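Chain and residue survey
Here are the chains, one letter per residue:
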Amino acid sequence: MIALIVSFALFVGGLLLMGYAAEFVGWQGATFIAGILAVALSIGLPVHVLTKLD
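Conventions and cut-offs
Residues numbered from 1 in each chain as written. Predicted model: local features only at pLDDT ≥ 70, side-chain atom pairs only at ≥ 80, totals over all residues. Heavy atoms only, no water. Helix = DSSP H or I, 4+ residues; strand = E, 2+ residues; numbered from the N terminus. Rg over C-alpha atoms; globule rule 2.2 N^0.38 Å. Contact = heavy atoms within 4.5 Å. Areas by Shrake-Rupley, 256 points an atom, 1.4 Å probe, with all protein chains shown as cover. Buried < 20%, exposed > 50% of the residue type's maximum accessible area, 1.4 Å probe, protein only.

1. Examining the overall build of the protein chain
Scanning the protein chain from terminus to terminus reveals 2 helices and 0 strands. By the compact-globule yardstick of 10 Å for 54 residues, the protein chain is too spread out, its C-alpha radius of gyration being 13 Å. For the protein chain, the spread of C-alpha atoms along the principal axes amounts to about 45 × 15 × 10 Å. Within the protein chain, counting contacts between residues at least 6 apart in sequence, those at least 24 apart form 57% of the total. Accessible surface, the protein chain: about 4,000 Å² in total, of which carbon and sulfur atoms supply 79%.

Here it is, written out as structure tokens:
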């Protein structure tokens, strides 16, 4: 259950990072890439953690 909550928070945070990336002058690319990585981690976390718990 904790893995799902953490992955949902990472997913929403990643979407927010990608959405607000244009606001960070000089750091647009790094912020957008951080958002992509957060979303990827939010998808990968439950896939790997929850399969080990089954």
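That shown, we press on.
2. What to know about the environment of Pro-46
Tracing the backbone through its elements, the reader meets Pro-46 in helix H2 (residues 28–53). Assessed through its relative accessible area of 17%, Pro-46 is described here as buried. Here the alpha-carbon distance between Pro-46 and Ile-5, two residues 41 residues apart in the chain, equals 9.7 Å. Look past the residues within four positions of Pro-46 in its chain and what remains in contact with it is Leu-4, Ser-7 and Thr-51.

3. Considerations on the environment of Tyr-20
Checked against the element boundaries, Tyr-20 lands in the loop between helix H1 (2–19) and H2. Separated by 32 residues in the primary sequence, Tyr-20 and Lys-52 have C-alpha atoms spaced 35 Å apart.

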